[in-house]
Amino acid sequence: MPAKRPPIPLSRERIIDAALHIADSQGLRRLTMRRLGDALQVEAMAIYHHLPRGKDALMDALAEHVTAVHVEPGGSWQESAKAWCRASRAALREHPGVLALALTKPPKGRTAIAVREQTDQLAEAGLGDAPGAVRALRAYVFGAVAVEVQQSGWAEAADDHDEPWRPPSKGGGSPGADADFELGLDALLVGLTRH
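What you see is a predicted model; the values in this text were computed from it and never measured.

A. Here's a closer look at the overall build of the protein chain. Looking only at helices and strands, the protein chain has 10 helices and zero strands in total. When the helices and strands of the protein chain are read in sequence order from the N terminus, they spell out α-α-α-α-α-α-α-α-α-α. Among the 195 residues that make up the protein chain, the fraction classed as buried is 42%. For the protein chain, the share of sequence-separated contacts (at least 6 apart) that also reach a separation of at least 24 residues comes to 71%. Only carbon and sulfur atoms are counted for the fraction: they give 55% of the accessible area of the protein chain, which is about 11,100 Å².

Okay, here's the thing in structure tokens:
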């Protein structure tokens, strides 16, 4: 008889991965501490050892997970801005279940650091109003992904408890969505150049 494997130790990373899975497959409203504990095969109270503020800390951690993006600086501020926007879009599309958190939670922790890094990169590359540009770029990316989520029907599927919610494919967006995103991004960069 094979020996029983010891349980995998609970960690902040395991908690966040399990929470993302629930949010992406069932919707954010179905993410409860009890359901998360069941998914991790622990009592819900065990989660509080890693997230002492409980669900508030969990929501902050999930928002940070999809918004703390880092990219290497490009040759120009436009190239850097495009890299940031594309990476941010990919992270948000990877976990549409927590898009609402990304839209409503102010930047904290690693996200605040990433925003400062992006601002510094754009300023060092010669963009005059880098803080204003970063705010505009973040607003564009969040809005573009929100429209993609809305048009795809993912949110409605999450509300239908009889049908499992299908998250987006792990690859890029549809060709039309990708083209629309790039078109809007180019237009925004032209506007920022004139500002």
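B. View of the environment of lysine 55. Its location among the elements puts lysine 55 in helix H4 (residues 55-67). With 22 residues separating them along the chain, lysine 55 and methionine 33 place their C-alpha atoms 7.0 Å apart. Beyond its immediate stretch of four places on either side in the chain, lysine 55 contacts Leu31, Thr32 and Met33. Within polar-contact distance, the side chain of lysine 55 engages the backbone oxygen of leucine 31 at 2.6 Å.

C. A look at the packing of helix H5 (residues 77-94) against helix H8 (residues 130-152). Remark: H5 packs on H8, axes separated minimally by 10 Å, with the N-to-C direction vectors making an angle of 35°. The interaxial crossing formed by H5 with H8 has right-handed handedness. Facing Ala81, Cys85, Ser88, Arg89, Leu92 and Arg93 of H5, the residues of H8 in contact are Leu137, Val141, Phe142, Val145 and Glu148. Split into classes, the residues belonging to the contact of H5 with H8 amount to seven nonpolar, one polar and three charged.

D. Representation of the pattern of salt bridges in the model. Applying the stated rule across the entire model yields nine salt bridges. Among the ionic pairs, arginine 53 bridges to aspartate 60, the shortest N-O distance being 2.8 Å. Of the residues examined, aspartate 60 reaches a relative accessible area of 13% and is grouped as buried. Among the charged side chains, a salt-bridge network with shared partners connects Arg53, Asp60, Lys105 and Lys108.

E. Quick peek at the nonpolar core. Among the nonpolar cores identified, the biggest contains 47 residues, and Leu36, Leu58, Leu62 and Leu137 are the most heavily contacted of them. Where this core is concerned, the elements lending two or more residues are helix H1 (12-26), helix H2 (33-40), H4, H5, helix H6 (99-104), helix H7 (109-124), H8 and helix H10 (175-194). By residue number, the principal contributor to this core is H8, which donates 10 residues. Discounting residues that sit within four places of it in the chain, leucine 137 has contacts with Ala81, Cys85, Gln118, Leu122, Leu185, Leu188, Leu189 and Leu192.

F. Spatial organisation of H7. Taking 1.5 Å per residue as the helical rise, H7 with its 16 residues ought to reach 22 Å, and the 23 Å between its terminal C-alpha atoms agrees with that figure. All of the buried residues along H7 are Thr111, Ala112, Ala114, Val115, Gln118, Thr119, Gln121 and Leu122. Among the structural elements, H4, H5 and H8 are those in contact with the buried residues of H7. At the exit of H7 stands glycine 126, carrying a positive phi of roughly 105°.

G. Expanded view of unusual backbone geometry. One non-glycine residue, glutamine 41, lies in the positive phi region at around 60°. As for its placement among the helices and strands, glutamine 41 is situated in the loop between H2 and helix H3 (44-47). In this structure glutamine 41 comes out as exposed when scored by relative accessible area, which is 75%.

Cut-off values and rules
Residues numbered from 1 in each chain as written. Predicted model: local features only at pLDDT ≥ 70, side-chain atom pairs only at ≥ 80, totals over all residues. Heavy atoms only, no water. Helix = DSSP H or I, 4+ residues; strand = E, 2+ residues; numbered from the N terminus. Buried < 20%, exposed > 50% of the residue type's maximum accessible area, 1.4 Å probe, protein only. Contact = heavy atoms within 4.5 Å. Areas by Shrake-Rupley, 256 points an atom, 1.4 Å probe, with all protein chains shown as cover. Polar contact = N/O pair within 3.5 Å; in protein donor to acceptor, adjacent residues only side chain to side chain. Axes fitted to C-alpha atoms, helices over the stretch in contact; angles between N-to-C directions. Left-handed = near helix turned anticlockwise from the far one by under 90°. Nonpolar A, V, L, I, M, F, W, Y, C, P; charged D, E, K, R; others polar. Salt bridge = Lys/Arg side-chain N within 4 Å of Asp/Glu carboxyl O. Core = buried A, V, L, I, M, F, W, Y, C linked by side-chain atoms within 4.5 Å. Expected span 1.5 Å × (residues − 1).

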